[in-house]
Amino acid sequence: MGVAITTASLGNILYETKGGIAYITFNRPKVLNALNKSVIKELKTAFETAQEDSTVRGVILTGAGDKAFAAGADISEMLQDTPLEAEEKTRLGQALTTLIENLGKPVIAAVNGYALGGGCELAMACTIRLASETAKFGQPEVKIGIMPGYGGTQRLPRLVGKGRALQLILTGDVIGAEEAHRIGLVNEIVPSGSLVVRAEAILKQINANAPQGVKFSIEAVNKGLDTSLDEGLLIEASLFGLCAATEDKKEGTTAFLAKRAPQFQGR
Ligand code: CAA
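Keep in mind it's a predicted model, so treat the numbers as computed, not measured.

Participant: How do you make sense of the site of the ligand when you look at a structure like this?
Facilitator: The immediate surroundings of the ligand are formed by 23 residues, with Lys-67, Ala-73, Gly-118, Glu-121 and Glu-141 found nearest. Within the backbone of Ile-75, a nitrogen or oxygen atom sits 2.9 Å from a nitrogen atom of the ligand. Taking Gly-118, its main chain carries an N or O atom lying 2.8 Å from an oxygen atom of the ligand. Among the secondary structure elements, those contributing two or more residues to the shell around the ligand are helix 2 (75-80), strand 6 (114-116) and helix 4 (118-125). When its residues are assigned to classes, the shell around the ligand shows 14 nonpolar, four polar and five charged.

Participant: It is not clear to me how the sheet that holds strand 8 (residues 136-138) should be interpreted in this structure. Could you clarify?
Facilitator: In a beta sheet, neighbouring strands pair by backbone hydrogen bonds and run either parallel or antiparallel. The four strands lie next to each other as 4-6-8-9, forming an open sheet whose pairing is mixed. Across the chains shown, the open sheet's two edge strands, defined by having one partner strand only, are strand 4 (68-70) and strand 9 (174-176). Within this sheet the neighbouring strands show an average axis-to-axis angle of 20 degrees, counted without direction. Both strand 6 and strand 8 contribute to a ladder of three bridges, which runs parallel.

Participant: I tried to follow a nonpolar patch on the surface on my own but got confused; where do I start?
Facilitator: Together, Ile-75, Ile-144 and Ile-146 give the surface a local cluster of nonpolar side chains, amounting to about 250 Å² of exposed area. Turning to its location among the elements, Ile-146 is positioned in the loop between strand 8 and helix 5 (152-160).

Participant: Even after reading the chapter, I still don't get the environment of Ala-22, so can you show me in this structure?
Facilitator: By secondary structure assignment, the location of Ala-22 is in strand 2 (residues 21-26). Residue classification places Ala-22 among the buried positions, given a relative accessible area of 0%. Distance in space between the C-alpha atoms of Ala-22 and Phe-47 is 8.8 Å, their sequence separation being 25 residues. Once residues within four sequence positions are removed from consideration, Ala-22 is found in contact with Tyr-15, Glu-16, Thr-17, Ala-50, Val-56, Gly-58, Val-59 and Ile-60.

Participant: Before we go on, may I ask you to explain the state of the cysteines in this structure?
Facilitator: Here is the idea: a disulfide is a covalent bond, and it sits between the sulfur atoms of two cysteines. All chains considered together, the criterion is met by zero disulfides. The thiol of Cys-126 is unpaired, and the distance to the nearest cysteine sulfur, on Cys-120, comes to 11 Å. With relative accessibility at 4%, the residue Cys-126 sits in the buried group.

Participant: Help me understand the nonpolar core, please; the structure alone is not making it clear to me.
Facilitator: Nonpolar side chains in soluble globular proteins generally cluster together in the buried interior. Judged by nonpolar contacts, the single largest core of 47 residues is most densely connected at Leu-43, Phe-47, Phe-137 and Leu-185. Ranked by residues supplied to this core, first place goes to helix 1 (residues 37-52) with six residues. Discounting residues that sit within four places of it in the chain, Leu-185 has contacts with Cys-120, Met-124, Arg-129, Phe-137, Leu-156, Leu-159, Val-160, Ile-175 and Ala-180. Ranked by size, the runner-up nonpolar core spans 15 residues in total, among them Ile-60, Ile-128, Leu-203 and Ile-206.

Participant: How do you make sense of the side chain of Glu-251 when you look at a structure like this?
Facilitator: Secondary-structure assignment places Glu-251 in helix 11 (residues 247-257). At 2.7 Å, the side chain of Glu-251 forms a polar contact with the backbone nitrogen of Gln-263. In this structure Glu-251 touches Arg-260, Ala-261, Pro-262, Gln-263 and Phe-264, once residues within four positions along its chain are discounted.

Participant: In this structure, what is going on with the pattern of salt bridges? I would like to understand it.
Facilitator: In a structure, side chains of opposite charge can pair up when their charged atoms sit close to one another. Tallying each qualifying case throughout the model produces 13 salt bridges. Salt-bridge contacts for Lys-223 lead to Glu-219; the nearest nitrogen and oxygen are separated by 2.7 Å. Of the two residues, Lys-223 and Glu-219 both sit in helix 9 (residues 211-225), four residues apart, roughly one turn of that helix. Take Glu-219: its relative accessible area is 25%, and that puts it in the partly exposed class. Notably, a salt bridge pairs Glu-247 with Arg-267, separated by 3.3 Å at the nearest N-O pair. Of the two residues, Glu-247 is situated in helix 11 and Arg-267 in the segment after helix 11; the sequence distance between them amounts to 20 residues. Overall, Glu-247 belongs to the partly exposed group, its relative accessible area being 48%.

What counts and what doesn't
- Residues numbered from 1 in each chain as written.
- Predicted model: local features only at pLDDT ≥ 70, side-chain atom pairs only at ≥ 80, totals over all residues.
- Heavy atoms only, no water.
- Near = heavy atom within 4 Å.
- Polar contact = N/O pair within 3.5 Å; in protein donor to acceptor, adjacent residues only side chain to side chain.
- Helix = DSSP H or I, 4+ residues; strand = E, 2+ residues; numbered from the N terminus.
- Nonpolar A, V, L, I, M, F, W, Y, C, P; charged D, E, K, R; others polar.
- Pairing = 2+ DSSP bridges.
- Axes fitted to C-alpha atoms, helices over the stretch in contact; angles between N-to-C directions.
- Patch = residues over 30% accessible without salt bridge, like charges linked within 9 Å, V, L, I, M, F, W, Y side chains within 5 Å.
- Areas by Shrake-Rupley, 256 points an atom, 1.4 Å probe, with all protein chains shown as cover.
- Salt bridge = Lys/Arg side-chain N within 4 Å of Asp/Glu carboxyl O.
- Buried < 20%, exposed > 50% of the residue type's maximum accessible area, 1.4 Å probe, protein only.
- Contact = heavy atoms within 4.5 Å.
- Disulfide = S-S within 2.5 Å.
- Core = buried A, V, L, I, M, F, W, Y, C linked by side-chain atoms within 4.5 Å.

What follows is the structure, given as structure tokens:
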């Protein structure tokens, strides 16, 4: 069953599909796209919709306005939270990052400005991160008396290494696109006006490949990073076996030998 999305149900984000891509946009530019509880719930609905829609082959996540991707959790809402509400909100945010990371389809973060706190954490859950030249990244939570809560303490060290992650988390430093690229936090730096175009080009390249091969590759990398090398290799072998059972494997290998382009069906 698909999850119904209506414009009315999404007051804080935009959801649009075009040419096999779902475009999900944080849409609170006046507060630099700060993530309140409604935004997190709406993002969950949007990503579930994209996951269940078989015509959607990939997602681009970006922010409205020219200043921010998302400047983190909504600090004014946070001020009112009881510890129980804070814990519940953190779990909602973390569940969203897990959904994005394991969507089964590539998700590209087009980071067009500040990606701080929860904004950086949502970007880190994406499959690939592109940054504009003006993008800025950081986990500044300790500066306001808290700590990262949407997976930053776990995904940042996995992406950039423990030492760099701890330095960023403990100092609260905000770094620019060049530094984020140098340490491996972002895949590419792209001129601001071309961010979405470049994300579309990458998705087009990925989507020319066999969908199951793409899906299982994401799964093998994600699951493998959370376990030992031996376990990871077992996961890879099992998923490789599943790929071998697909019609697309037959089509891909046959097309290669016949020197023609493959026509993948996602079966
Ligand atoms: N929450 C709520 N409102 C926010 C916000 C946030 N995270 N970030 C910015 N805003 C609001 C500002 O309060 C301001 O609102 P008003 O116009 O009503 O005053 C508006 O957005 C514009 O922001 P600034 O005037 O501050 O813009 P600036 O250019 O001077 O500074 C900035 C930009 C450096 C990003 C600064 O806004 C900032 O430091 N924001 C907070 C960043 C932060 O601490 N993020 C972490 C939040 S905690 C978290 O995310 C926990 C977690 O892990 C889930």
